[in-house]
Amino acid sequence: MKSSKFKGWLYLLPAILFLGIFMVYPLIDVMIYSVEEGYNFVSQTSDGYGLFNYSYVLHDPYFLQAVKNTFLIVVITVPLSTGFALLVALALNSIQKLRNLFQTVYFLPYVTNTLAVGLVFMILFKPTAYTDGMVNLLIQFFGGEGVDFIEGPYWAKMFVMCFYTIWVVLPFKVLILTSALASVNQDYYNAAKIDGTSKGRIFRRITLPMISPMLFYLIITGFIGAFKAYSDEVALFGTDLNGAGMNTIVGYVYDMLYGTAGGYPSYASAAAIILFVIVLTITCINLMVSKKTVHY
Amino acid sequence: MKVVLKHLTKKFPNRNKKIGGDVIAVNDFDFEIPDGKLIGLLGPSGCGKSTALNLICGLLEPTEGQIFFGEDEVTNLPPEVRGVGLVFQNYALYPHMTVQQNISFPLQNLKGDKKLPKEEIARRAKEAAKLVQIDGLLERKPSEMSGGQQQRVAIARALVKMPKVLLLDEPLSNLDARLRLQTREEIRRIQRETGITTIFVTHDQEEAMSISDLIVVMKDGMIQQIDEPQDVYDDPVNLFVAKFLGTPAINVFEGEVKNGRLIIGEDDVIAVPGVADRKVYVGIRPEGLEPDPEGSFRCGLVNVEVMGRDTSVVYTHGGAISENLRAIVGSGKRPAKTEKTVNFRPDPLKVHLFDHETEERIRF
């Protein structure tokens, strides 16, 4: 009995070691950092413990801007990208001809290099010495006034940001939803058809509940992914996100650690913990809502 | 409501383009199902039974032919206006809805002047649930019920809108043996109580024989025989039907008719008056062989399996084609296990002759 218990722990050891070193230890360390006041990076000493770091971060206008940006991105891109993905998946599911072609086309962004994607967006949106960018040319063609999407007004930058994010996350969601739709047993639709169910009702009462677990999975991971947004912002606006007014919470954490004004692990840790609490709260709310609406 | 099929044919394009040509799933169905009867569509897998059912309910469009419900042609009508109820092989109950919601679902679809008030929907759902005896389980989800209970819910859902025709696709194949017996009685009872013309598809001959008013035996998309269960068994039109019906299966031999006598192997078995000399297939029902020391049919004895009421005698014979030869005899007449041979006296009524080429029945 005793030896089998020992064996069990032995088998778990690789996973425990790995998770412990790379997940649990850093998490605890970050929590400790976030409450150490006046921490000195060089001497590894601090003046004591307290909540000053949190108070500093929460009063930092750059952090507040980052929180605002992050929330905007989350609130706009998660519902829109999921909705678009559902529409595309439904359309893909309902066509017979050229289905594989369209499926491939919609999946292309997923396998395309991020830098190449960034470049394409530059050509579309960035005004240079030679051209105003494709989108601006289009706006001007229809008689509108061009706008600098990369260095112009906040709403224009936010628009490009959300457009980019949705475009990047769409393929994966389309893929998941297409397979979810395809896995719904055709008999349910036949049964509904014989009972004279209208198309809208079939969608609401049968299709949606049937794919709800997958939809829910996409919403949860979508929320978490959007809260962790950073690299896409850098791809569009460069590394000085504070200067561009387009920083995110993760970007703020990074800047506090390594940025030009960096070297403040305590502030970075406090911001990271705040992000952690936000994501945890949202995910808990999601889970509670899902209990009523998701059918496994 | 009687159902009339006129030259109903369904062809599917062959997926293998090299071979080309169409696959004919249902070939020239032409028969009438009388009002209020329970019909069994019987055949081996892939013979087109389910296709025929899907044609009748409107999920598939026929390539040729017509379908009438009563006097009205429904060939080109969509399924929802035909007034059919269909029970799927896997029941297709919506897993996220309760029993009550599942049964009410077809009624909630009604629109316009057919629209029903909520209380009426609830009342009818309750009534349908009562008919199939699941009115105590209305709040359950399908996953919380046994296979038999799910089956009843599926039937209730098909019945709740009072269809003109009820269609059942392999209704018992997902149930265990005991439940199958019980449920088939249940289907018979419900059909009698409602008087709805019912067509059910099965590959299980015992199931078809036990509850159908009429059996339609199919093979490769073609109707082989339409008759009452006992007649199909006693009077098969060809070798396929004879082999397909009956457990244990009919014993098949290669034989020859000479001067009005049937010869199997070296045995001069019975007189077959009026049959010209020719090679034949001989089918003998297991219950048509009675052990008799003087019997004309001389066989080797393999085993004697006691089953209580009667006994199954496993035997061999030189002219046999079927692999397992069995005779069902009364317990009192069973041969001793120690014997090496056994002689039978065949009952001429249980002996069927079939043409060696066409496998059609030769009557005598």
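Rules behind the numbers
- Residues numbered from 1 in each chain as written.
- Chains lettered and ligands numbered in written order.
- Predicted model: local features only at pLDDT ≥ 70, side-chain atom pairs only at ≥ 80, totals over all residues.
- Pairing = 2+ DSSP bridges.
- Helix = DSSP H or I, 4+ residues; strand = E, 2+ residues; numbered from the N terminus.
- Axes fitted to C-alpha atoms, helices over the stretch in contact; angles between N-to-C directions.
- Core = buried A, V, L, I, M, F, W, Y, C linked by C-beta atoms within 7 Å.
- Buried ≥ 20, exposed ≤ 12 C-beta atoms within 10 Å, placed from the backbone.
- Contact = placed C-beta atoms within 7 Å.
- Domains from an automatic or database assignment.
- Parallel < 35°, antiparallel > 145°, perpendicular 65-115°, else oblique.
- Left-handed = near helix turned anticlockwise from the far one by under 90°.

Engineer: Is there a simple way to think about the sheet that holds strand β18 (residues 325–330) of chain B in this case?
Structural biologist: Within a sheet, adjacent strands bond to each other through the backbone by hydrogen bonds, running parallel or antiparallel. All names here are of chain B. The antiparallel open sheet is built from 5 strands, whose spatial order is β15-β19-β16-β17-β18. Two strands in the sheet have a free side with no partner beyond their single neighbour: β15 (289–291) and β18. Strand-to-strand twist in this sheet, taken as the mean axis angle between neighbours without regard to direction, amounts to 50 degrees. Where strand β17 (residues 310–316) lies against β18, 6 bridges are found, and the strand directions are antiparallel. Among the inter-strand pairings, Thr311 is bridged to a residue of β18, identified as Val329.

Engineer: When you look at the nonpolar core in this model, what are you seeing that I'm missing?
Structural biologist: Generally speaking, a soluble globular protein has its nonpolar side chains buried in company with each other. Counting 147 residues, the largest nonpolar core has Ala271 of chain A together with Leu41, Ala156 and Leu167 of chain B as the members making the most contacts within it. Here Leu41 of chain B is in contact with Lys49, Ala52, Leu53, Ile199, Phe200, Val201, Val216 and Met218 of chain B, once residues within four sequence places are set aside.

Engineer: Could you clarify how one ought to interpret the domain arrangement of chain A in this entry?
Structural biologist: Buried accessible area, meaning the area lost when the parts come together, often serves as the stated size of an interface. Residues and elements named next belong to chain A. On domain assignment, one finds that chain A holds domain 1 (1–50) and domain 2 (61–293). If you average the C-alpha positions of domain 1 and of domain 2, the two centres end up 33 Å apart. Taken together, the contact between domain 1 and domain 2 spans 7 residues of the former and 7 residues of the latter. Take the side of domain 1 that touches domain 2: its biggest share by element is 4 residues, from helix α1 (residues 2–35).

Engineer: How should I be thinking about the sheet that holds strand β1 (residues 3–13) of chain B in this particular structure?
Structural biologist: Residue and element names in this part refer to chain B. Judged by pairing direction, the sheet is antiparallel, and its 4 strands sit side by side in the order β2-β1-β4-β5 without closing on themselves. Bordering the open sheet on either side are β2 (22–33) and β5 (72–73), each of which pairs with just one other strand. Those strands touched by helix α1 (residues 49–57) are β1, β2 and β4 (64–69), and its axis lies near 60 degrees from that of β2.

Engineer: Just checking my understanding: could you explain the packing of helix α7 (residues 154–182) of chain A against helix α9 (residues 199–227) of chain A for this structure?
Structural biologist: Two quantities define a packed helix pair, namely the angle between the axes and the distance from one axis to the other. Residue and element names in this part refer to chain A. One can describe the packing of α7 onto α9 by two numbers: an axis separation of 9 Å at closest approach and a directional angle of 165 degrees. Taken as axis vectors, α7 and α9 run roughly antiparallel relative to one another. Once α7 is placed against α9, the crossing between them reads as right-handed. Between α7 and α9, the contacting residues are Val169, Lys173, Ile176, Leu177, Ala180 and Leu181 on the first element and Ile211, Met214, Leu218, Gly222 and Gly225 on the second.

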